[in-house]
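# Descriptive analysis of the structure
Here are the chains, one letter per residue:
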There are 2 protein chains.
Amino acid sequence: MTASTRRRRKPPPAKPRGRRPGSNDTRDEILAAARELFAEHGFERTTIRAVAGRAGVDPALVHHYFGTKDDLFDAAVEMPVDPHQVLADMPSDTTRLGPELVRRVLLLWDGTEMRERLRGMLGSALTHEGAAETLRAMLTRGLLPELRNLAVDDGRREWRAELVASQMAGLILARYVVKFSQFAEAEPEQIVAAVGPTITHYLTGRL
Amino acid sequence: MTASTRRRRKPPPAKPRGRRPGSNDTRDEILAAARELFAEHGFERTTIRAVAGRAGVDPALVHHYFGTKDDLFDAAVEMPVDPHQVLADMPSDTTRLGPELVRRVLLLWDGTEMRERLRGMLGSALTHEGAAETLRAMLTRGLLPELRNLAVDDGRREWRAELVASQMAGLILARYVVKFSQFAEAEPEQIVAAVGPTITHYLTGRL
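Residues numbered from 1 in each chain as written. Chains lettered and ligands numbered in written order. Predicted model: local features only at pLDDT ≥ 70, side-chain atom pairs only at ≥ 80, totals over all residues. Heavy atoms only, no water.

### Some remarks on the overall build of chain A
Helix and strand counts for chain A come out as 11 helices and 0 strands. Each helix (α) and strand (β) of chain A, taken in turn from the N terminus, gives the series α-α-α-α-α-α-α-α-α-α-α. The proportion of buried residues among the 207 residues of chain A is 51%. Within chain A, counting contacts between residues at least 6 apart in sequence, those at least 24 apart form 63% of the total. Split by element, the accessible area of chain A, about 10,100 Å² in all, is 51% carbon and sulfur. (Helix = DSSP H or I, 4+ residues; strand = E, 2+ residues; numbered from the N terminus. Buried < 20%, exposed > 50% of the residue type's maximum accessible area, 1.4 Å probe, protein only. Contact = heavy atoms within 4.5 Å. Areas by Shrake-Rupley, 256 points an atom, 1.4 Å probe, with all protein chains shown as cover.)

Written as structure tokens, this is what we have:
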């Protein structure tokens, strides 16, 4: 955004960074402001009002464009991948469930530029509490429910989903971030064979 | 350090930040320079010469105080805990090995201010390649050999140690960093019961 394209509205907002309502830029500025505030303060402590203030628009405009705070969050903090899609058509044979899950996660991380985005996200989460909460909200809303659906229905599906997520997160850390030598050099199927049964156990075994 | 306490040596170093050799400050400045450079460039690409340059001292002085680069690394990048100590006197009964390991890790993280230090370290590792390499060197030199010693000797002990480290890292991430609800609220023994068998399996089971 250049200063010359800015337009003041009346009454002027506290931070006169807004554009005329209705332009695509307004939408983008609201999203940018939302991303900043979610990263700084986390989901819970970020309000529509604060986002509007930073974007220099009226809160009603934020609601108009994005609906609720939940909707705004989903629009602003785009999941780099859609867990629902990644976890579609999983095998019904439970012993194949864990290995297949590991295989798909490795395929995703081995093959795309997504890795850098997820790394950055995880890095911020570790160093900024707001970002940690954003990551938590993203995983809790996007990933865990999908994992939960793969688990046996024994009243402990939330716990099972989190156990799976913990081993998956550790795998990603070991192979892509810290890059332990065995993990980094292993063929995907070697990791599938070693970690897959753990995932199956967490999803369907006796805890 | 204040400017008034700085002393130039002859010949003056490229960056005149040194003090007179022999003072405690010199030692601290070498350590500070080493920490900075290890974080920026990682273990491999950091040289004694570069550390000396940044500290404004002669490389020989760095060797005099700290010995080899490995020794300097150990002195500069202090492990927040001594894995050898944490993993001392483990039960010989292999089924108790995994649970006991999880128990000790939880005790360590639940109870100390160490958590923030380790979090910061992990956060930097995710956002700075140099820090990632430093963390890798620290874990590879300090933690993995200890875990390796707990594994059955079937020629795959390095792989077993890394598998254990991956699940432990994921557990720490889930409970203390991302704070998944079940993980964050669980009693330690609930986590011990769920994750312990996985650790035992990685250490002693058929992979």
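### Here's the deal with the packing of helix α2 (residues 48–55) of chain B against helix α3 (residues 59–66) of chain B
Residue and element names in this part refer to chain B. Running from amino to carboxyl end, α2 crosses α3 at an angle of 105°, the nearest separation of the two axes being 8 Å. Taken together, the axis directions place α2 and α3 in an arrangement best described as roughly perpendicular. Mapping the contact onto sequence places Ile48, Arg49 and Ala52 in α2 and Pro59, Val62 and His63 in α3. Within the contact of α2 with α3, the residues separate by chemical class into 4 nonpolar, 1 polar and 1 charged. (Axes fitted to C-alpha atoms, helices over the stretch in contact; angles between N-to-C directions. Parallel < 35°, antiparallel > 145°, perpendicular 65-115°, else oblique. Nonpolar A, V, L, I, M, F, W, Y, C, P; charged D, E, K, R; others polar.)

### Observations regarding the pattern of salt bridges
Residue and element names in this part refer to chain A. Under the counting rule described, the total for this entry stands at 16 salt bridges over all chains. A salt bridge links Arg103 to Glu189; the shortest N-O distance between them is 2.7 Å. Linking Arg103 in helix α6 (residues 94–111) with Glu189 in helix α11 (residues 188–204), this pair joins segments that are 86 residues apart in sequence. Taking the relative accessible area as the measure of exposure, Arg103 reaches 32% and is therefore partly exposed. Notably, a salt bridge pairs Asp153 with Arg157, separated by 3.9 Å at the nearest N-O pair. (Salt bridge = Lys/Arg side-chain N within 4 Å of Asp/Glu carboxyl O.)

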